[in-house]
Amino acid sequence: MGLCGIQSYFFRDLLYVLQKKWIDSDRADRFTTLLGNNGYFSSEAWRGEYRKYASENQLHSVSSSTLTGDLSLRYIRMILRRDYYIPLMVLPLAAFCLFCVIDSELCTDAGDGDLYLRLMTLLGLEALYGGLVFVLSRHFFGKWLKDNPQYREQKDEIIRSYLEGYLFSCSYFCVVVGQNYVHGFDGRRFHTLPRDGIKRGRWLVECDKILWTIRNSDESFDAFNLYVRDEYRFNIYFLCTRGDYYSVTDNGEFCARNRFCIPLDQFQVKMIMDRFFPKISSDMKPVFIERNRNRATYVSIRRCMSPLIFDKE
């Protein structure tokens, strides 16, 4: 391909990025304006889609037989999930293939014994990685009990509440509304609050601007961020009047005990508010946060979320 061909591809891609950014910016301005004047959740189009979603999606409980097992599956799903869902188990396989290429270049007289050794090495790497992920996935409930010793006597009741409660799940995130407790899992921590102590349930809307960082190896120009897309996350935020305000985790971070925030589908958030917390929830004055995210480390959940809903002009 000649220089003219390369330039045409470059300008075509650049034009596409600029056009997409302009379209997303126009949609973002319209969305933030509606949120600011409390018009998004009250629009006819949104209300119609919500009624349709609520009629088609009946309430159900957790399918797993154990709390630890359900959290473990969600954590493993988070580890495996990326924007295009490539399992990280491929990494040991890639390392093994590279080892085979190098070994075949250095040793051309490899026999069947060497092949079996390579296969055993691959299986060992896969088992080691899978075992590590499995062990890490089993500690969430125990870690929560350690940080909240006041709930040790209610351990069995909390487990039963999680398994028998109503589940609202989006990707690996979940909120479970039990008879006496509300539970949540955000991929890093397990949360539980007593239902009668919750004083507020509200919207927290996040706009993640996903950027692709371009770096030059010879440092002839500085790194810059190329816009990819916007992704919106609708969170339900619970605030409880009981318990200590903060606890300190093992790594020295402060963690709020009396509140948690979980991203769900926007219609799931509304269902929780309407069916379980109608007196303490409101669609008015939702919190809106805008932030930049790196595409290389961002875990997208847009495939399990409803798109933004606008009235037809």
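Located above this text is the structure these notes cover.
All of the points below concern the structure found in this document. Once a new chain begins, its residue numbering starts again from 1 and follows that chain's sequence as written. Note on the predicted model: pLDDT of at least 70 is required for a residue's local features to be given, and 80 or more for side-chain atom pairs to be given and counted; whole-chain, interface and lining totals, by contrast, use all residues. To get the side-chain values, take all heavy atoms of the structure and skip hydrogens and water.

## A short note on the overall build of the protein
Going along the chain from the N terminus, every DSSP run of H or I of four or more residues is numbered as a helix, and every run of E of two or more is numbered as a strand. From N to C terminus, the protein includes 8 helices and 10 strands. It only takes one pair of heavy atoms within 4.5 Å for two residues to be counted as in contact. When contacts within the protein are restricted to residue pairs at least 6 apart in sequence, long-range pairs at least 24 apart make up 71% of them. Areas reported here follow the Shrake-Rupley algorithm with a probe of radius 1.4 Å; residue values treat only the protein chains shown as occluding. About 18,500 Å² of surface is accessible on the protein, with carbon and sulfur atoms providing 56% of the total.

## Structural notes on the packing of aromatic side chains
The description of an aromatic ring pair rests on the distance of the ring centres and on the angle between the ring planes. Note on ring pairs: Phe, Tyr and Trp rings are taken, using the six-membered ring of Trp, and paired if centres are within 6.5 Å. Classes follow the plane angle, with under 30 degrees stacked, over 60 edge-to-face and the rest tilted. If you walk through the whole model with that rule in mind, you get 30 aromatic pairs. Relative to W203, the ring of F41 has its centre 4.0 Å away and its plane inclined at 20°; by these criteria the two rings are stacked. Taken as a pair, F41 in the loop between α1 (3-36) and α2 (44-56) and W203 in strand β5 (residues 198-214) lie far apart in primary sequence, 162 residues in all. Three labels apply to residues, based on accessible area from a 1.4 Å probe with only protein chains included: buried if under 20% of the type maximum, exposed if over 50%, partly exposed otherwise in between. Assessed through its relative accessible area of 3%, F41 is described here as buried. When its relative accessible area of 1% is taken as the criterion, W203 is described as buried.

## Here we look at the pattern of salt bridges
The rule for a salt bridge is simple: a side-chain nitrogen of Lys or Arg has to be within 4 Å of a carboxyl oxygen of Asp or Glu. Here the structure, examined in full by the defined rule, presents 11 salt bridges. One salt bridge in this structure joins R47 and D283, with 3.6 Å as the shortest N-O distance. Of this pair, R47 sits in helix α2 while D283 is found in the loop between α8 (266-276) and β10 (287-294), placing the two residues 236 residues apart along the sequence. Accessibility expressed as a relative area gives 29% for R47, which makes it partly exposed. Measuring nitrogen to oxygen at the nearest pair gives 3.8 Å for the salt bridge that ties E231 to R233.

## What to know about unusual backbone geometry
One non-glycine residue with positive phi stands out, namely N38, at about 60°. Within the fold, N38 resides in the loop between α1 and α2. In this structure N38 comes out as partly exposed when scored by relative accessible area, which is 24%. Although it is not a glycine, S171 adopts a positive phi angle of roughly 60°. The residue S171 is located in the loop between β1 (166-170) and β2 (173-177) in this model. Relative accessible area serves as the criterion here: at 10%, S171 is assigned to the buried category.

## Focus on the sheet that holds strand β3 (residues 181-185)
Across the sheet, which stays open at both edges, the 4 strands sit in the order β1-β2-β3-β4 with antiparallel pairing between neighbours. Strand pairing shows two members of the sheet lacking a second neighbour, β1 and β4 (190-194), which therefore form its edges. On average, adjacent strands in this sheet sit at an angle of 10° to one another, irrespective of strand direction. Taken together, the 5 bridges between β1 and β2 define a ladder with antiparallel strand orientation. Of the residues in β2, the one forming a bridge with S169 is C174. The sheet contacts of helix α3 (residues 67-80) involve β1, β2, β3 and β4, and relative to β3 the element is tilted by about 30°. Sheet contacts for α8: β1 and β2; angle to β1, the most-contacted strand, approximately 160°. Any two strands are treated as partners once DSSP identifies two or more bridges connecting them. Where helices are involved, their axes are fitted lines through C-alpha atoms of the stretch in contact, as for all axes, and angles between N-to-C directions lie from 0 to 180°.

## A few points about the nonpolar core
Put simply, buried Ala, Val, Leu, Ile, Met, Phe, Trp, Tyr and Cys residues joined by side-chain atoms within 4.5 Å make one nonpolar core. Residues F31, Y40, V175, F234, F238, L264 and I272 are the most contacted members of the largest nonpolar core, which totals 61 residues. Take this core: its biggest share by element is 6 residues, from α8. What F31 contacts, discounting residues up to four positions off in sequence, is Y40, V205, Y232, F234, F288, L308 and F310.

## Examining the environment of V135
Structurally, V135 can be placed in helix α5 (residues 112-136). Measuring from C-alpha to C-alpha, the distance between V135 and S72 comes to 8.9 Å, with 63 residues separating the pair along the chain.

## A word on the environment of F173
Tracing the chain through its elements places F173 in strand β2. Each C-alpha atom, one on F173 and one on L264, is 7.0 Å from the other, the two residues being 91 residues apart in sequence. Among residues more than four places away in sequence, those in contact with F173 are R74, F168, F185, D186, R233, I262, P263 and I301.

## Observations concerning α8
α8 sits mainly inside the fold: 9 of its 11 residues count as buried. Those residues of α8 not exposed but buried are Q266, F267, Q268, V269, K270, M271, I272, M273 and F276. Pairs of N or O atoms are called polar contacts if they sit within 3.5 Å, as long as, within protein, a hydrogen donor faces a hydrogen acceptor (for residues adjacent in sequence, only side-chain-to-side-chain pairs). The distance from a side-chain oxygen at the start of α8 to the backbone nitrogen of F267 is 2.9 Å, and the residue carrying that oxygen is D265.

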